[in-house]
Amino acid sequence: MSSTGQAELPAFVRLAAHPLRWRLMTELAVSDHRVRELVARVGEPQNLVSYHLRLLRDGGLVTSSRSSFDGRDSYYHLDLDRCGEGLRDTGAALHPALRPAQPPEPAAGPSARRLEVLFVCTGNSARSPIAEALLRRHSAGRVSATSAGTRPRDELHPEAVRALREGFGIDVSGRRPRHLDALADRKFDVVVTLCDKAREVCPEFPGQWQKIHWSVRDPAAPDPTGPGDGAFRRTAADIDTRVRHLLPVLATTGRPEDPP
């Protein structure tokens, strides 16, 4: 309670209730974006967008990372787990009976066409195969997951294989990287780029109705901020969180009807 005896607004409400901040959070809820992209999407001046992004960062709801394609750029990412905690705390602050409902899952059953999701990074040796394996695991066959690279390596990075095996019990040791060109004639509903460089060259695919970007740092790249111990484990955990948050999007985002 405040000194006037009135209940104080929860921190999440104070941050999210501003109309522009809510719009920025909505844009970042599915895909990571650069400032200039957010400026174009919300139709507000860059200095105003940057100011509110800073408030969201200071409040712990948004993070930023330097683009691996152009180091002068940064990608902004909404921490959906922190948002979920804020929403739960907000509901409990109003009444203990208020709890968010369970999110829907992608459709299943013999009559439902499986969604086709493609993950793309540069080498197809760590980030995109990790995402492919985790989406297959979490969707339990309700989604068809594939991955490829714009400049694929000769083999999966052994630390990526290890991170999936030790962290999630998934064995991808028999998988080999594939080139994006090999999938040119495939139809994909959703294309997710996990690499800033791959995002710039990833083409549109037949039937594609949504393109998402996750700015995930290459765990094999040297880290200027410190030792790289556990980089693959942290990357797998980050991608696992993003994949779990993707599932409700796949279930609720409209897709054009398939042609007869």
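Nothing here was measured: the structure is a model prediction, and the numbers come from that model.

**Things to note about the packing of aromatic side chains**
Applying the stated criterion to the full structure yields 2 aromatic pairs. Here F119 and W214 contribute two aromatic rings whose centre-to-centre distance is 5.9 Å and whose plane-to-plane angle is 45°, an arrangement assigned as tilted. With a gap of 95 residues between them, F119 in strand β4 (residues 115–121) and W214 in the loop between β7 (210–213) and α9 (231–252) connect regions that are remote in the sequence. Taking relative accessible area as the criterion, W214 reaches 3% and is therefore assigned buried.

**Focus: the side chain of E132**
For E132, the location among the structural elements is in helix α6 (residues 127–139). In this structure E132 comes out as buried when scored by relative accessible area, which is 5%. Separated by 2.9 Å, the side chains of E132 and R136 make a polar contact. With residues near it in sequence (within four places) discarded, E132 still touches F119, A145, T146, S147 and R175.

**Let's talk about the nonpolar core**
Core analysis: the largest hydrophobic core is formed by 33 residues, its most contacted members being F119, L135, W214, I239 and L250. Among the secondary structure elements, those contributing two or more residues to this core are β4, α6, β5 (143–149), α7 (158–168), β6 (190–193) and α9. At 8 residues, the largest contribution of residues to this core is made by α9. Not counting the four nearest positions on each side in its chain, L135 is found in contact with V117, F119, V143, A145, V243, L247 and L250. Listed in part, the 18 residues of the second largest apolar core include L20, L28, V35 and L53.

The rules behind the values
Sequence order sets the numbering: in each chain, residues are counted from 1 along the sequence as written. For this predicted model, a pLDDT threshold of at least 70 governs which residues receive local features, and a threshold of 80 or more governs which side-chain atom pairs are given and counted, while totals over whole chains, interfaces and linings are taken from all residues. Side-chain descriptors were evaluated using all non-hydrogen atoms of the structure, hydrogens and water having been removed beforehand. The pairing test for Phe, Tyr and Trp rings, Trp by its six-membered ring, is centres within 6.5 Å, and the orientation test on the planes gives stacked under 30 degrees, edge-to-face over 60, and tilted for anything in between. Numbering of helices and strands runs from the N terminus, with a helix taken as a DSSP run of H or I at least four residues long and a strand as a DSSP run of E at least two residues long. Relative accessible area decides the class of each residue, using a 1.4 Å probe on protein chains only: under 20% of the type maximum gives buried, over 50% gives exposed, and in between gives partly exposed. Polar contact is the term for a pair of N or O atoms within 3.5 Å; when the atoms are in protein, one must be able to donate a hydrogen and the other to accept it, and sequence-neighboring residues count only if both atoms are side-chain atoms. Any two residues whose heavy atoms approach within 4.5 Å at even a single point are treated as in contact. The criterion is simple. A nonpolar core is a set of buried Ala, Val, Leu, Ile, Met, Phe, Trp, Tyr and Cys residues joined through side-chain atoms within 4.5 Å.

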